[in-house]
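Topology and contacts: notes
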Amino acid sequence: ADALRICHDHFPSGPESLAAHLGIEVVRASMSGCDGWCLRRGSVAKVRLNQDAPRPRQRFTLAHELAHLIQGTEPDLQLHLDSMLASDEKEERAANQLAAEMLLPRPKVEEAVNLLPVDAATLKRLARQARVSEIMAACRIASLATDLKLVNAAVLGFVGDQHRWTWSKTPRLKMEDASALLAETRKVRPKLARFEQSNGMVATAFCLGSEEHPAVFIQFLPPEVGRQ
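1. Some details on the overall build of the chain
Assigned secondary structure in the chain consists of ten helices and eight strands. Taken over the C-alpha trace, the chain has a radius of gyration of 18 Å; the compact-globule value for 228 residues is 17 Å, and the two agree within 12%. Principal-axis analysis of the C-alpha atoms gives the chain an extent of 55 × 35 × 30 Å. Taken over 228 residues, the chain has a buried fraction of 49%. The contacts in the chain between residues at least 6 apart in sequence include a share of 54% that link residues at least 24 apart. For the chain, the accessible area works out to roughly 11,400 Å², and carbon and sulfur atoms hold 50% of it.

Encoded structure:
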């Protein structure tokens, strides 16, 4: 709770301010094959970040390592962002969720998302305000789906056309035909693709990220919104 308060008070520099408050040394240097690592000896910790990675990626790596330290779980000796997001380990999922909360406090997300469905323009504004990637902003919205009056939401991450990870509030949310969903949203990017569900619900989705590492944000709308 104290960590989240510090991050909220110092938004959008929450993780950086928290590291300074805890006396954790953060070093940026060129690294090969990983996004960063954390070493801890007793009450002393040091985080090293790959300075060649995009700054939003560095910030999430820092927040993830801080989350491990705060939660008392083992920090990563060598961290690669894609494998971290794909991990189904309970401790990694918990660190991801806390990292997202540090970077994007709930009140800031609720201020930005005031109209459904969430579209690409809203996501871009939120990401820019929080100094995070659009994929990270989408993940945070997915975590707050029901609080934002969505039925559910998820972010599907890909390497090329291959589905590698899913981020959602619902653990292990299964998404069939993920590659087909990516193809459909690429056709209309940056607009929303609309999908009628067999249970009468409506979902909308859009594509974000790069060509090499694309992602799809899909949201399941309440009936009164989906019918509009």
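Next comes the rest of the write-up.
2. Some words on the environment of Val 188
Here Val 188 lies in helix H9 (residues 178-188). The sequence separation of Val 188 and Arg 5 amounts to 183 residues, and the corresponding C-alpha distance is 39 Å.

3. Side note on the environment of Gly 14
Inspection of the secondary structure assignment puts Gly 14 in helix H2 (residues 14-22). Note on Gly 14: relative accessible area 1%, which makes it buried. Taking C-alpha positions, Gly 14 is 8.8 Å from Ala 63, a pair spaced 49 residues apart along the chain. For Gly 14, the contacting residues outside a window of four places in its chain are Cys 7 and Arg 59.

4. Here's the deal with the sheet that holds strand S2 (residues 36-41)
Reading across from one edge, S1-S3-S2 is the order of the three strands in this open sheet, with mixed pairing throughout. Bordering the open sheet on either side are strand S1 (25-29) and S2, each of which pairs with just one other strand. Each adjacent strand pair in this sheet contributes to an overall mean axis angle of 15°, direction not counted. Here S1 pairs with strand S3 (residues 44-50) via five bridges, running parallel. The partner of Arg 28 across the bridge, within S3, is Leu 49. On top of the sheet, helix H3 (residues 55-71) reaches S1, S2 and S3; it is set at about 160° to S3, its chief contact.

What counts and how
- Numbers given for residues are sequential positions, taken from 1 along each chain in its written order.
- In keeping with the predicted nature of the model, local features appear solely for residues at pLDDT of at least 70, side-chain atom pairs appear and are counted solely at 80 or more, and the whole-chain, interface and lining totals rest on all residues.
- With hydrogens and water excluded, all non-hydrogen atoms of the structure serve as input to the side-chain values.
- Starting at the N terminus, helices and strands are each numbered in turn, a helix being any DSSP run of H or I of at least four residues and a strand any DSSP run of E of at least two.
- Radius of gyration here uses only the C-alpha atoms, and the compact-globule reference equals 2.2 Å multiplied by the residue count raised to the power 0.38.
- Exposure is judged per residue with a 1.4 Å probe applied to protein chains only, and the accessible area is read against the type maximum: over 50% gives exposed, under 20% gives buried, and values in between give partly exposed.
- Residues are treated as being in contact if the distance between any of their heavy atoms lies within 4.5 Å.
- Exposure was quantified through the Shrake-Rupley algorithm and a 1.4 Å probe, taking into account, for residues, occlusion by the shown protein chains and nothing else.
- Note on pairing: two strands pair once DSSP finds at least 2 bridges between them.
- For helices, the fitted axis covers only the stretch in contact; all axes are lines through C-alpha atoms, and the angles between them, taken along N-to-C directions, range from 0 to 180 degrees.

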